[in-house]
Amino acid sequence: MFRNQYDTDVTTWSPAGRLFQVEYAMEAVKQGSAAIGLRSRAHVVLACVNKANSELSSHQKKIFKVDDHIGLAIAGLTADGRVLSRYMRSECINYSFTYESPLPVGRLVVQLADKAQVCTQRSWKRPYGVGLLVAGLDESGAHLYYNCPSGNYFEYQAFAIGSRSQAAKTYLERRFENFTDSSREDLIKDALIAVRETLQGETLKSSICTIAVVGIGEAFHTLDQETVQQLIDAFEIVAEPEAPAAEPDAAAEQGEGADQGAAADQGVAPMDI
Amino acid sequence: MTKQQANWSPYDNNGGSCVAIAGADYCVIAADTRMSTGYSILTREYSKICKLAEKSVMASSGFQADVKALQKHLAARHLIYQHQHNKHMSCPAMAQLLSNTLYYKRFFPYYAFNVLGGLDSEGKGCVYTYDAVGSYERVGYSAQGSGSTLIMPFLDNQLKSPSPLLLPAQDAVTPLSELEAVDLIKTVFASATERDIYTGDKLEIVVLNADGIRREYMELRKD
């Protein structure tokens, strides 16, 4: 996209019927680090890559619990994501208070989308620069939605957003037809492999990725680092069929990775759930 | 021309008694399960006890509709706190929140007489006692509700420091063991049930300690 005379205000249409400011906001989502979501009949898994500004700083929090049955992962402007998750938490609490039952996910994403739309039609506002993968469970089953800055929302079986998400999407496209009947463990494994695809060569270890799960009988929660590292180790030993020759290298790398993961654990700020 | 008076009241008293006793490493909170209106019984099995946080349990007598609203309000506030701070509220924090919430409605109060029990940040038992508009104090034991006038003097007799000359006031915690405290509660309610018509049916006892939370029931006279 190049600069043009119709992109200064969000309230200006281009002759081709585009709102450039909204499209630029969606670019901000593509710049953020990857977030991935997958759904089965009874579970939804969110995975994301944690980027830190420098080795000295803590990782940005990209996964938020909204209620026992809903959580989200974000990509893009983290601050906008934080504010929106606070709004969503508030909506869930108010709904529970009034109706003594959990807010259906579909309703929440519509409210979120309407909120985003407002910012595309006010001259004194700007669109939210964050894409949200909303994972939740309600009476109609497990759901995964993607809310974008434009105010649109879509339901997905599996999706990935953020930088290098195309690699994850390619992997998910190959596998998504099996997801509905996947077990919880297989779903998490697929999420981790999808994350690994976005890393493009970098070693997958628990210090750079976060996994969260919500399921029937399982409240939304983030898995702790140790559990994630064990899951990574478990499937890296059973190496992908495309790289059997790399197994000895992978095993050596994984040994180092586990050490680095353990050392990095002490360095990770305690503010993650 | 005399001033117009309301011909209805927004309040009702559903009766009942609540007691809490704090120990060195436990807290016992108890309430009867009878809900009344006037001279009638609405139900014999209504719980006046509500767990607000991991280590905070509240028992409230008075107007149960207001009590329910108060409990819902505090539960919602606790959820917000958990989202913001990544942990449960401590009992002293909850005590202050309850006080502020009650005073917020100073000019149309919650008709709720509360007693909050739990473990403080050091794991010691704590009991906070309230009036309807939020005035509160940390104590070693307390009773509220229709039977409180019968129960409190007996608790004073058993638990209060013997010498009134002992200043500053003793540690706000009783020297009793957990089993002794539960036994005392049962005795106290059995006696209150005899003379207070609004107290009876069943006694619900909640015990909070380092191992977690435990619930016990005891039958009381149903007349």
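Residues numbered from 1 in each chain as written. Chains lettered and ligands numbered in written order. Predicted model: local features only at pLDDT ≥ 70, side-chain atom pairs only at ≥ 80, totals over all residues. Heavy atoms only, no water.

Here we come to the pairing of strand β5 (residues 130-138) of chain A. All names here are of chain A. Most of β5 is tucked away: nine of the nine residues are buried. Of the two faces of β5, the one lined by Val130, Leu132, Val134, Gly136 and Asp138 and the one lined by Gly131, Leu133, Ala135 and Leu137 are each fully buried. Pairing of strand β4 (residues 70-76) with β5, which is carried by seven bridges, proceeds in the antiparallel orientation. Bridge pairing in β5 places Ala75 opposite Gly131. Where β5 meets strand β6 (residues 141-147), seven bridges bridge the pair, whose relative direction is antiparallel. The partner of Val134 across the bridge, within β6, is Tyr145. (Buried < 20%, exposed > 50% of the residue type's maximum accessible area, 1.4 Å probe, protein only. Helix = DSSP H or I, 4+ residues; strand = E, 2+ residues; numbered from the N terminus. Pairing = 2+ DSSP bridges.)

With that settled, the discussion passes to the packing of aromatic side chains. Going through the model one piece at a time under the given rule, you end up with 12 aromatic pairs over all chains. Look at Tyr111 of chain B and Phe113 of chain B: their rings are 5.4 Å apart centre to centre, the planes differ by 80°, and that puts the pair in the edge-to-face class. With relative accessibility at 27%, the residue Tyr111 of chain B sits in the partly exposed group. Judged by relative accessible area, Phe113 of chain B falls into the partly exposed class, the value being 26%. Pairing Tyr130 of chain B with Tyr136 of chain B gives two aromatic rings, centres 5.3 Å apart and planes at 10°, and the pair type is stacked. When the ring centre of Phe97 of chain A is taken as reference, the NZ or CZ atom of Lys72 of chain B above it lies at 4.8 Å. Cation over ring: Lys105 of chain B sits above Phe108 of chain B, and NZ or CZ is 4.4 Å from the ring centre. (Phe/Tyr/Trp six-rings, centres within 6.5 Å; stacked < 30°, edge-to-face > 60°. Lys NZ or Arg CZ within 6 Å of the ring centre and 35° of its normal.)

This part takes up the packing of helix α2 (residues 78-99) of chain A against helix α3 (residues 105-118) of chain A. Residue and element names in this part refer to chain A. Running from N to C, α2 and α3 cross one another at 135°; their axes reach a closest spacing of 11 Å. One finds that α2 runs oblique with respect to α3. The crossing of α2 and α3 is right-handed. Counted together, Leu84, Tyr87, Met88, Glu91, Cys92 and Tyr95 of α2 and Arg107, Leu108, Gln111, Leu112 and Lys115 of α3 form the full contact between these two elements. Class assignment of the residues belonging to the contact of α2 with α3 gives a composition of seven nonpolar, one polar and three charged. (Axes fitted to C-alpha atoms, helices over the stretch in contact; angles between N-to-C directions. Parallel < 35°, antiparallel > 145°, perpendicular 65-115°, else oblique. Left-handed = near helix turned anticlockwise from the far one by under 90°. Contact = heavy atoms within 4.5 Å. Nonpolar A, V, L, I, M, F, W, Y, C, P; charged D, E, K, R; others polar.)

Here we come to the sheet that holds strand β1 (residues 17-22) of chain B. All names here are of chain B. As summarised here, the arrangement of the five strands in space is β10-β1-β2-β11-β12, forming an open sheet in which the pairing is antiparallel. Since the sheet does not close on itself, it has two edges, and those belong to β10 (141-145) and β12 (212-219), each with one partner. Averaged over all adjacent pairs, the angle separating strand axes in this sheet is 15°, with direction ignored. With eight bridges connecting them, strand β11 (residues 202-209) and β12 associate as antiparallel partners. Considered in β12, the bridge of Leu203 is made with Met218. The strands that helix α3 (residues 148-159) touches are β1 and β10; relative to β10, the one it contacts most, it runs at about 170°.

With that settled, consider the pattern of salt bridges. As enumerated under the stated definition, the model contains 22 salt bridges over all chains in all. Where Arg126 of chain A meets Asp80 of chain A, a salt bridge forms, and the shortest distance between an N and an O atom there is 2.9 Å. Here Arg126 of chain A, found in the loop between α3 and β5, pairs with Asp80 of chain A, found in helix α2; they are 46 residues apart in sequence, far enough to count as distant. Of the charged contacts, one joins Asp190 of chain A and Arg175 of chain A as a salt bridge, the two residues approaching to 3.3 Å between their closest N and O atoms. With a gap of 15 residues between them, Asp190 of chain A in helix α5 (residues 184-199) and Arg175 of chain A in helix α4 (residues 165-175) connect regions that are remote in the sequence. Overall, Asp190 of chain A belongs to the buried group, its relative accessible area being 3%. Residues joined in a network through salt bridges with shared partners are Glu178, Lys186, Arg214 and Glu216 of chain B. (Salt bridge = Lys/Arg side-chain N within 4 Å of Asp/Glu carboxyl O.)

Working note: α-helix, 3.6 residues per turn, so residues spaced by three or four point in the same direction. All names here are of chain B. In this model α3 runs 15 Å from its N-terminal to its C-terminal C-alpha over 12 residues, within 8% of the 16 Å that 1.5 Å per residue would give. Inspection of α3 places Ser148, Ile151, Leu155 and Leu159 among the buried residues, and these make up the whole buried set. In a view along the axis of α3, the buried residues occupy a sector of 70°, so they form one face of it. For α3, the exposed residues set more than 90 degrees away from the buried face come down to Thr149 and Asn157. Close packing links the buried residues of α3 with β1, β10 and α4 (178-195). (Expected span 1.5 Å × (residues − 1). Arc of directions from axis to C-beta.)

All right, on to the interface of chain A and chain B then. Between chain A and chain B, the residue contacts involve 10 residues of the former and seven residues of the latter. Run the count over chain A and chain B and you get one salt bridge. Ionic pairing is found between Lys72 of chain B and Glu100 of chain A, a salt bridge with its closest N-O pair at 2.9 Å. At the junction of chain A with chain B, the criterion picks out three residue pairs in polar contact (both at pLDDT 80 or more). At the level of secondary structure, the elements contributing two or more residues to the side of chain A that touches chain B comprise β3 (63-67) and α2 of chain A. The element that contributes the greatest number of residues to the side of chain A that touches chain B is α2 of chain A, accounting for three residues. In terms of residue class, the side of chain A that touches chain B is built from five nonpolar, no polar and five charged. (Polar contact = N/O pair within 3.5 Å; in protein donor to acceptor, adjacent residues only side chain to side chain.)

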